Amino acid sequence: MDTETRPRIINALWTYIKANHLIDPNDRKLVKCNELLKSVLGGSDTVPFTQIPQLLREHMSPPEPLELNYRVHLSGDPRDNEQQWDLQIEMDDQIPPTATTSAASNGFKREITTCDETINALLRQLADHKRK
């Protein structure tokens, strides 16, 4: 695995843990580390599953930046040189820590709704402008 998102890495690790029966039967929140997991998760015999994302951080780094090369044409009709790209980018969820309570979560949802309404209004204005 060269480049992957944090959720997919944790999901793959969880699949490995289940396939190798490494969940502690007495405390299902604990993972029993075999030799391979010990080398990755700091050498402990058991690790709470909730600590695994923190322990994996030392093995992770941000991906290389995406670089797009393009040429700007300064003469002629700009529409002759129009280009569009669709890029699929996977990102980890970046929910702010304040959104953990329901009141904060509702405020966050209201903020998203307000942003969506603003974007829709701007898109309508753009469409009206193109029709003129």
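Colleague: Honestly, the overall build of the protein in this entry has me stumped. Any pointers?
Modeller: Across its full length, the protein carries 4 helices and 2 strands. Along the protein, helices and strands appear, N-terminal first, in the series α-β-α-β-α-α. Here the protein holds 132 residues, and the buried ones make up 13% of them. When contacts within the protein are restricted to residue pairs at least 6 apart in sequence, long-range pairs at least 24 apart make up 24% of them. Summed over all atoms, the accessible surface of the protein reaches about 11,800 Å², with 51% contributed by carbon and sulfur.

Colleague: Explain the packing of aromatic side chains to me, please; I cannot follow it from the model alone.
Modeller: What characterises a pair of aromatic rings is the spacing of the ring centres plus the angle enclosed by the ring planes. Evaluated as defined, the whole model comprises 1 aromatic pair. Measuring from centroid to centroid gives 4.7 Å for Trp14 and Phe49, while their planes differ by 65°, and the two rings are edge-to-face. Of this pair, Trp14 sits in helix α1 (residues 6-19) while Phe49 sits in the loop between β2 (46-48) and α3 (52-56), and the two are 35 residues apart along the sequence. Judged by relative accessible area, Phe49 falls into the partly exposed class, the value being 25%.

Colleague: Which parts of the structure should I look at to understand the layout of surface pockets?
Modeller: One way to see where empty space is left: roll a probe the size of a water molecule over the atoms. By volume, the second largest pocket amounts to about 190 Å³. The wall of the second largest pocket is formed by 13 residues, among which Arg71, Val72, His73, Asn81 and Glu82 lie closest to the centre. Here the lining of the second largest pocket is composed, by residue class, of 5 nonpolar, 5 polar and 3 charged.

Colleague: What should I look at first to understand the side chain of Asp24 in this one?
Modeller: By the secondary structure assignment, Asp24 is in the loop between α1 and β1 (30-32). In this structure Asp24 is buried but unpaired, with Lys32 as the nearest side chain of opposite charge at 6.0 Å. Those residues within four positions of Asp24 in sequence are excluded, and the remaining contacts are Leu30 and Lys32.

Colleague: Just checking my understanding: could you explain the nonpolar core for this structure?
Modeller: As a rule of thumb, nonpolar side chains are buried together in soluble globular proteins. Listed in full, the 12 residues of the largest apolar core are Ile10, Leu13, Ile17, Leu22, Ile23, Val31, Cys33, Leu37, Leu41, Val47, Ile52 and Leu56. Of all the secondary structure elements, the ones that give two or more residues to this core are α1 and α3. Apart from residues no more than four positions distant in its own chain, Leu13 is found in contact with Leu37, Ile52 and Leu56.

Colleague: What's the story with α1 in this structure? I'm lost.
Modeller: For an α-helix, the turn length of 3.6 residues means that residues three or four places apart are oriented alike. The first and last C-alpha atoms of α1 sit 20 Å apart over 14 residues, in line with the 20 Å expected at 1.5 Å per residue. Three or more residues of α1 are buried, namely Ile10, Leu13 and Ile17. Seen along its axis, α1 keeps its buried residues to an arc of 60°; they face one direction. Of the surrounding secondary structure, the elements contacted by the buried residues of α1 are β1, α2 (35-40) and α3. Phi turns positive, to about 50°, at His21, one or two residues after α1.

Colleague: When you look at the pattern of salt bridges in this model, what are you seeing that I'm missing?
Modeller: If the charged atoms of two oppositely charged side chains come close together, the side chains can form a pair. Taken as a whole and judged by the stated rule, the model has 3 salt bridges. Asp45 is paired through a salt bridge with Lys38; the nearest N and O atoms lie 2.8 Å apart. Judged by its relative accessible area of 22%, Lys38 is partly exposed.

Colleague: Is there a simple way to explain the environment of Pro63 in this structure?
Modeller: By the element assignment, Pro63 lies in the loop between α3 and α4 (102-131). The spacing of Pro63 and Thr5 is 58 residues in sequence and 9.4 Å in space, taken between C-alpha atoms.

Rules used in this analysis
Residues numbered from 1 in each chain as written. Predicted model: local features only at pLDDT ≥ 70, side-chain atom pairs only at ≥ 80, totals over all residues. Heavy atoms only, no water. Helix = DSSP H or I, 4+ residues; strand = E, 2+ residues; numbered from the N terminus. Buried < 20%, exposed > 50% of the residue type's maximum accessible area, 1.4 Å probe, protein only. Contact = heavy atoms within 4.5 Å. Areas by Shrake-Rupley, 256 points an atom, 1.4 Å probe, with all protein chains shown as cover. Phe/Tyr/Trp six-rings, centres within 6.5 Å; stacked < 30°, edge-to-face > 60°. 1 Å grid on protein atoms, 1.4 Å probe; cavity = no way out; pocket = protein on both sides within 12 Å on 5 of 7 lines; lining within 4 Å. Points joined across faces, edges and corners; volume = space filled by probe spheres on them. Nonpolar A, V, L, I, M, F, W, Y, C, P; charged D, E, K, R; others polar. Lys, Arg positive; Asp, Glu negative; His and termini not counted. Salt bridge = Lys/Arg side-chain N within 4 Å of Asp/Glu carboxyl O. Core = buried A, V, L, I, M, F, W, Y, C linked by side-chain atoms within 4.5 Å. Expected span 1.5 Å × (residues − 1). Arc of directions from axis to C-beta.

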